[in-house]
Amino acid sequence: MCRTLSAFPTTCLERAKEFKTRLGIFLHKSELVSDTGSAGKLEWGSKHSKDSKNFSEDVLAWRESFDLLLNSKNGVAAFHAFLKTEFSEENLEFWLACEEFKKIRSATKLASRAHRIFEEFIHSEAPKEVNIDHETRELTRTNLQATTATCFDVAQGKTRTLMEKDSYPRFLKSPAYQDLVAQATAASASASSCSLAEPLCT
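Conventions and cut-offs
Residues numbered from 1 in each chain as written. Predicted model: local features only at pLDDT ≥ 70, side-chain atom pairs only at ≥ 80, totals over all residues. Heavy atoms only, no water. Helix = DSSP H or I, 4+ residues; strand = E, 2+ residues; numbered from the N terminus. Buried < 20%, exposed > 50% of the residue type's maximum accessible area, 1.4 Å probe, protein only. Contact = heavy atoms within 4.5 Å. pLDDT = per-residue confidence, 0-100. Expected span 1.5 Å × (residues − 1). Salt bridge = Lys/Arg side-chain N within 4 Å of Asp/Glu carboxyl O.

Enquirer: So what exactly am I meant to see when it comes to the overall build of the protein chain here?
Expert: The helix and strand tally for the protein chain stands at nine helices and two strands. Its helices and strands in sequence order give the protein chain the pattern α-β-β-α-α-α-α-α-α-α-α, from N to C terminus. Taken over 202 residues, the protein chain has a buried fraction of 42%. Contacts spanning at least 24 positions in sequence make up 67% of the contacts within the protein chain whose residues lie at least 6 apart.

Enquirer: I'm lost on the confidence of the model for the protein chain in this one. Help?
Expert: Note: predicted coordinates in regions of low pLDDT should not be interpreted at a detailed level. Of the residues in the protein chain, 66% have a pLDDT of 70 or more, and the chain-wide mean is 79. Predicted confidence for residues 1-9 stays below pLDDT 50, and this span has 14 contacts to residues more than four positions away or in other chains. Within the model, the stretch residues 28-49 combines pLDDT values under 50 with 48 contacts to residues more than four positions away or in other chains.

Enquirer: Could you clarify how one ought to interpret helix H4 (residues 73-85) in this entry?
Expert: Along an α-helix, residues three or four apart share an orientation, since each turn contains 3.6 residues. Here H4 spans 19 Å end to end across 13 residues, near enough to the 18 Å set by a 1.5 Å rise per residue. With 10 of 13 residues buried, H4 lies mostly within the body of the structure. What H4 keeps buried is the set Asn74, Gly75, Val76, Ala77, Ala78, Phe79, His80, Ala81, Phe82 and Leu83. Just downstream of H4 lies Phe87, where phi reads positive at about 55°.

Enquirer: Is there a simple way to think about unusual backbone geometry in this case?
Expert: Negative phi values dominate among residues other than glycine, just as trans dominates among peptide bonds. For Phe87, which is not glycine, the phi torsion reads 55° and is therefore positive. Examined against the element boundaries, Phe87 turns out to sit in the loop between H4 and helix H5 (89-101). You will see that Glu125, though not glycine, has its phi angle at about 65°, which is positive. Tracing the sequence through the fold places Glu125 in the loop between helix H6 (107-122) and helix H7 (134-143). On the basis of relative accessible area, Glu125 is assigned to the exposed category, the value being 75%.

Enquirer: Would you mind showing me how to read the environment of Ala107 here?
Expert: Along the chain, Ala107 turns up in helix H6. C-alpha separation for the pair Ala107 and Thr147, spaced 40 residues apart in sequence, amounts to 8.1 Å.

Enquirer: Even after reading the chapter, I still don't get the pattern of salt bridges, so can you show me in this structure?
Expert: Think of it this way: side chains of opposite charge can pair up when their charged atoms draw near. Going through the model one piece at a time under the given rule, you end up with 12 salt bridges. The partner of Lys102 in a salt bridge is Asp153, and the shortest N-O contact between them spans 3.7 Å. Here Lys102, found in the loop between H5 and H6, pairs with Asp153, found in helix H8 (residues 153-173); they are 51 residues apart in sequence, far enough to count as distant. The shortest N-O distance in the salt bridge between Arg160 and Glu164 comes to 2.8 Å. Pair noted here: Arg160 and Glu164 are both in helix H8, with a separation of four residues, about one helical turn. Given a relative accessible area of 19%, Arg160 falls into the buried group. The class of Glu164 is partly exposed, set by a relative accessible area of 33%.

As structure tokens, this is what we get:
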């Protein structure tokens, strides 16, 4: 029979548990929620060493490209937690809002959501005003007159570029992420050794 989880070496289970705790502290158990959707809940899964290894690989992949970070729900949550420490989380929240906006198929809902996004992120003195130039702001305002799924594309693109060139490098160099990388590397190594130590099922 296959070994149960309780039969795994104690050090392997402790390593996985420690890594999960470390990430939980880093994210402050935050859940990114906006009027246009939600993202960023911690998705650890079970304590099996395979899950630990997969999650470790996810964490290490965030430093390879900004796209890989944005395509990871845990990556988005971690990046959002970091941006909150810099008081610039509105940039990521706007980008995510635009991604959700593009999925809307109802013309009525599209127009309504577009105005909500504009008032929240684009309008001068908006509660979560993003850092874009006046020309882009006015172009976006004009686009709302005939709302389409692409009306925020220019503003979203500039916000993404700003995050990639400015916030993303600082995130990678932050002590919190560097510490997380160290934990991921160790957890990945432990998961591999535990897998090799596990006897074949019979």
